[in-house]
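Each chain, written out:
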Amino acid sequence: EAQTPQAVTGGFAPAPIITATSIKVNVSLPEAAKRAAATGADGVGLLRIEHLILGLGKTPGWFIRNKKEDEFINELYTGIKTVMDEFNGKPVWVRTLDAPTDEFRNMKGGEDEPDEHNPMLGWRGIRRDLQSRDQFRLQVEAFKKLWDAGYDNLGIMFPLVGHPDEFIAAKEMMREFGVDVDNRTLGIMIEIPSSAILVEDFIKAGINFASFGTNDLIQYTLAIDRNNQNVAEMYNPKHPAVLKLIKYAIERCRMGGVECSICGQAGSDPEMVKWLIETGITSVSANIDAVPKIRETAAKTELKMILDAARRN
Ligand code: PEP
Ligand code: MG
């Protein structure tokens with residue numbers, strides 16, 4: 001006898017909430033991939049690979065010097081693949097390595113890392129990859145393996161980009177490493193004020209998407225160390241200067257037809273997400289636990305916007 005859905009579920013299964021805004025999830029470790037996918041998120045808006053790499057206990061330079069490049073590439077490939085396999089073709093934006101040098105210094109190869117006075121403003125993100133060609137190449141080799149295996153939904157996101165020339169240079173390096181860059185999804189994080197201010201130039205340079213890294217954008221806009229308890233009260237995601245930068249970039253992305261998202265902590269705050277959607281953001285990536293609430297916030301915000309627009313006519 002055929003069973004009704006009610007008999008199977010013990011009642012009516014709740015209908016999934018559909019939103020026009022894409023609600024994605026942030027993932028830091030492959031172990032969290034299943035839980036992240038179970039939220040029903042529309043993809044991964046930030047896959048941080050530094051945890052995977054720091055977990056190896058050796059710096060990228062160590063793998064290169066000891067001729068163990070394949071080991072590094074395979075670890076990275078396998079870790080990213082584990083996440084992608086849970087998301088069935090939905091977009092997954094992998095962020096290139098973004099660890100400050102102090103996090104590498106106490107591991108094998110760490111003696112070769114620069115001893116920086118202020119690592120958060122130093123040799124990290126895209127800056128490090130542009131200067132350390134081999135380290136960047138190893139990451140790109142892992143991405144290439146995924147693309148070659150048919151994971152076309154893999155997108156690459158560059159952190160700590162402050163000038164369009166950096167994006168252009170990274171893209172050119174990827175081309176040299178054998179990537180068909182014109183047919184791949186490449187984007188930037190907006191987490192330095194300069195990249196929000198120059199967003200139109202980034203669009204001209206060919207970014208496919210931009211995502212606000214508000215954790216850093218707030219600290220660099222307000223000159224407030226995100227990890228310093230003495231000034232923690234002044235660390236305000238809703239500071240008018242931060243909101244102005246974000247609004248400016250969202251509007252220009254919309255005019256330029258570029259997908260605009262957020263992957264900083266502010267994307268897990270319902271009040272902030274309401275404002276972001278009203279301002280025109282098309283995608284939000286939240287922490288795993290926040291996804292249901294953010295989906296609900298998006299649905300309510302969208303409905304209100306539709307009704308407001310209809311009633312204005
Ligand atoms: C950010 O800066 O908002 C971000 C998502 O990156 P991270 O927190 O890893 O610096
Ligand atoms: Mg950041």
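To be clear, the structure that these remarks concern was listed above.
Quick notes on the rules
Residues numbered from 1 in each chain as written. Chains lettered and ligands numbered in written order. Predicted model: local features only at pLDDT ≥ 70, side-chain atom pairs only at ≥ 80, totals over all residues. Helix = DSSP H or I, 4+ residues; strand = E, 2+ residues; numbered from the N terminus. Rg over C-alpha atoms; globule rule 2.2 N^0.38 Å. Buried ≥ 20, exposed ≤ 12 C-beta atoms within 10 Å, placed from the backbone. Contact = placed C-beta atoms within 7 Å. Pairing = 2+ DSSP bridges. Axes fitted to C-alpha atoms, helices over the stretch in contact; angles between N-to-C directions. Core = buried A, V, L, I, M, F, W, Y, C linked by C-beta atoms within 7 Å. Near = placed C-beta within 6 Å. Nonpolar A, V, L, I, M, F, W, Y, C, P; charged D, E, K, R; others polar. Parallel < 35°, antiparallel > 145°, perpendicular 65-115°, else oblique. Left-handed = near helix turned anticlockwise from the far one by under 90°.

Caption draft 1: Structural view of the overall build of the protein. Tallying secondary structure elements over the protein gives 14 helices and 8 strands in all. Scaling as 2.2 N^0.38, a compact globule of 313 residues should have a C-alpha radius of gyration of about 20 Å, and the protein matches this with 20 Å. If you line up the protein on its principal axes, its C-alpha atoms span 60 × 55 × 40 Å. Here the protein, with 313 residues, has 40% of them falling under the buried criterion. Once local pairs closer than 6 in sequence are excluded, the contacts in the protein between residues at least 24 apart make up 67%.

Caption draft 2: Structural view of the sheet that holds strand β8 (residues 283–286). Within the open sheet, the 8 strands sit side by side as β7-β6-β5-β4-β3-β2-β1-β8. Their pairing is parallel. A strand with exactly one partner marks an edge of an open sheet, and here the two such strands are β7 (259–262) and β8. Between one strand and the next, the sheet's axes are offset by a mean angle of 25°, whatever the strand orientation. Here strand β2 (residues 44–48) pairs with strand β3 (residues 92–95) via 3 bridges, running parallel. Pairing of Val44 across the sheet is with Val92, part of β3.

Caption draft 3: A look at the nonpolar core. Ranked by size, the top nonpolar core spans 80 residues in total, and within it Leu47, Ile188, Ala210 and Ala249 carry the most contacts. Apart from the residues lying within four places of it in its own chain, the contact partners of Ala210 are Gly187, Ile188, Ile190, Val199, Phe202, Ala249, Cys253, Val258 and Cys260.

Caption draft 4: Region of the structure containing the site of ligand 1. Taken together, Leu46, Arg48, Asp98, Glu191, Gly213, Thr214, Asn215, Asp216, Cys263 and Gly264 make up the full set of residues near ligand 1. Only β2 and α11 (214–222) provide two or more residues apiece to the shell around ligand 1. Ranked by residues supplied to the shell around ligand 1, first place goes to α11 with 3 residues. When its residues are assigned to classes, the shell around ligand 1 shows 2 nonpolar, 4 polar and 4 charged.

Caption draft 5: Region of the structure containing unusual backbone geometry. Phi angles above zero are rare outside glycine, and Lys67 is one such case at about 55°. Among the structural elements, Lys67 can be located in the loop between α4 (60–65) and α5 (69–86). Look at Lys67 and you get exposed, because 8 C-beta atoms sit within 10 Å.

Caption draft 6: Region of interest: the packing of α11 against helix α12 (residues 240–256). Where α11 contacts α12, the two axes come as close as 10 Å, and the packing angle between them is 120°. With respect to α12, the element α11 is oriented oblique. Relative to α12, the crossing made by α11 is right-handed. Across the interface between the two elements, Leu217, Ile218 and Thr221 from α11 touch Ala241, Val242 and Leu245 from α12.

Caption draft 7: Highlighting the environment of Glu271. Tracing the sequence through the fold places Glu271 in helix α13 (residues 270–279). Here the alpha-carbon distance between Glu271 and Pro159, two residues 112 residues apart in the chain, equals 25 Å.

Caption draft 8: Representation of the environment of Val242 within the structure. Examined against the element boundaries, Val242 turns out to sit in helix α12. For the pair Val242 and Val179, spaced 63 residues apart in sequence, the C-alpha separation works out to 35 Å. Once you skip the residues sitting within four places of it in the chain, Val242 turns out to touch Leu217, Ile218, Thr221 and Pro237.

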